[in-house]
Amino acid sequence: MEMRSPTVSGPSGTPDPEAAAQVPRRLAAVHRRVADAAQRVGRSPQAVTVVAVSKGFPAAVVQAAVADGHVDLGESRADELLAKARAIGPDVRWHFVGQLQRNKVRDVVPVAGLVHSVDRLSLAETMARRMDRPDRAGHVQRVLVQVNAGEDPAKAGCSLGEAGDLVAAVRSLPAIRCEGLMTIPAMGVDPRPTFVRLRQLRDELRERFPEIEHLSMGMSGDFEVAVEEGATIVRIGEAVFGPRVRSPWEDGVT
Ligand SMILES: *Cc1c(COP(=O)(O)O)cnc(C)c1O
């Protein structure tokens with residue numbers, strides 16, 4: 001692994017005006033690559049939402065994406081989500097993409113419009129109880145079920161075999177709306193078969209549950225393959241914000 005200077009874009013480092021200045025160009029390039037991949041398989045580029053995953057990047061760099069008109073941002077840790085949401089303000093849609101502890105649900109739920117990482121029923125039940133509080137009255141929490149479709153022991157997510165029952169249970173909870181599936185492929189292997197499996201699972205589930213629509217799959221290294229295989233949401237960090245310094249924030253997340 002290449003060593004990078006922590007002064008370039010470290011989460012606690014000083015805001016780097018150069019990194020921020022690159023963001024509009026990088027975002028445009030990502031959108032172009034998404035559109036090309038979609039067109040290769042006859043899909044509409046509008047059917048794919050780019051979530052810019054800002055974990056590990058300072059708020060000033062993330063702000064450059066927002067100033068460029070980008071609205072979908074993702075974080076994978078509760079504390080970082082809350083800090084960024086405070087720094088960046090209300091004009092964005094937050095996605096929570098990391099492993100979520102039940103004791104963080106209270107804070108994450110009011111901020112994250114879509115939680116991509118529901119991997120067990122107990123977590124969704126905790127979210128449903130949180131929705132019962134007065135400040136969430138009238139709201140519905142949108143979630144995706146995370147599936148370990150690459151069957152990688154190092155990755156979070158329910159198994160392919162468990163996914164149908166988990167989706168059925170989650171969707172029956174009050175004030176929780178399950179809209180699809182998310183996966184992170186295993187490292188170092190061709191991600192395409194994993195993406196295909198997730199799409200097939202989505203297609204099967206959608207016959208029973210028409211609202212199971214989204215496929216959150218594809219990151220900086222593999223999003224074009226994911227779009228070719230039907231991704232409706234891609235989660236992209238480094239291709240939007242530049243090289244990320246590895247930080248403890250990432251441990252156990254990807
Ligand atoms: C960090 C992260 C991403 C983005 O990864 P990049 O390689 O920077 O594009 C996407 N999804 C999840 C769950 C992540 O934790």
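Before reading further, recall that the structure is shown in the block above.
Residues numbered from 1 in each chain as written. Predicted model: local features only at pLDDT ≥ 70, side-chain atom pairs only at ≥ 80, totals over all residues. Heavy atoms only, no water.

### Description of the overall build of the protein chain
Secondary structure summary: the protein chain contains 9 helices and 8 strands in total. The C-alpha radius of gyration computed for the protein chain amounts to 17 Å, which stays within 12% of the reference 18 Å derived for 254 residues, consistent with globular compactness. The principal-axis extent of the C-alpha atoms belonging to the protein chain is close to 50 × 45 × 35 Å. Looking at the protein chain residue by residue over its 254 residues, the buried ones come to 52%. Sequence separation of at least 24 residues holds for 61% of the intrachain contacts in the protein chain that already meet a minimum separation of 6. If you sum the accessible surface of the protein chain, you get close to 11600 Å²; carbon and sulfur atoms cover 50% of it. (Helix = DSSP H or I, 4+ residues; strand = E, 2+ residues; numbered from the N terminus. Rg over C-alpha atoms; globule rule 2.2 N^0.38 Å. Buried < 20%, exposed > 50% of the residue type's maximum accessible area, 1.4 Å probe, protein only. Contact = heavy atoms within 4.5 Å. Areas by Shrake-Rupley, 256 points an atom, 1.4 Å probe, with all protein chains shown as cover.)

### Quick look at the pattern of salt bridges
One pass over the full model with this rule turns up 18 salt bridges. A salt bridge links Glu229 to Arg199, with the nearest nitrogen and oxygen atoms 2.9 Å apart. A residue pair is termed long-range when its members are at least 10 positions apart, and Glu229 in the loop between helix 8 (223-228) and strand 8 (233-236) and Arg199 in helix 7 (residues 192-208) qualify at 30 residues. Notably, a salt bridge pairs Asp203 with Arg202, separated by 2.9 Å at the nearest N-O pair. Residue class for Asp203 comes out partly exposed when judged on its relative accessible area of 30%. Since its relative accessible area comes to 8%, Arg202 is described here as buried. Through salt bridges that share partners, Arg40, Arg192, Arg199, Glu228 and Glu229 make up one connected network. (Salt bridge = Lys/Arg side-chain N within 4 Å of Asp/Glu carboxyl O.)

### Observations concerning the site of the ligand
Contacts to the ligand come from 13 residues, most closely from Lys55, Ser220, Arg235, Gly237 and Arg244. Ser220 has a polar side-chain atom sitting 2.5 Å from an oxygen atom of the ligand. Between the ligand and the protein, one listed contact pairs an oxygen atom with a backbone N or O atom of Glu238 at 2.9 Å. Class assignment for the residues of the shell around the ligand results in 6 nonpolar, 3 polar and 4 charged. (Near = heavy atom within 4 Å. Polar contact = N/O pair within 3.5 Å; in protein donor to acceptor, adjacent residues only side chain to side chain. Nonpolar A, V, L, I, M, F, W, Y, C, P; charged D, E, K, R; others polar.)

### Some thoughts on the nonpolar core
Val145 and Phe241 are the most contacted members of the largest nonpolar core, which has 67 residues in total. Per-element tally for this core: the top contributor is helix 1 (residues 17-40), with 8 residues. If sequence neighbours within four positions are ignored, Phe241 has contacts with Val23, Arg26, Ala52, Val53, Ser54, Phe57, Val61, Val62, Ala65 and Leu73. By size, the runner-up hydrophobic cluster in this structure holds 8 residues, among which are Val51, Val53, Leu114 and Ile233. (Core = buried A, V, L, I, M, F, W, Y, C linked by side-chain atoms within 4.5 Å.)

### Section: the environment of Ala52
By the element assignment, Ala52 lies in strand 1 (residues 49-53). The buried category is assigned to Ala52, whose relative accessible area is 0%. When near neighbours in sequence (up to four residues on either side) are disregarded, Ala52 contacts His70, Asp72, Leu73, Gly74, Ile236, Val240 and Phe241.

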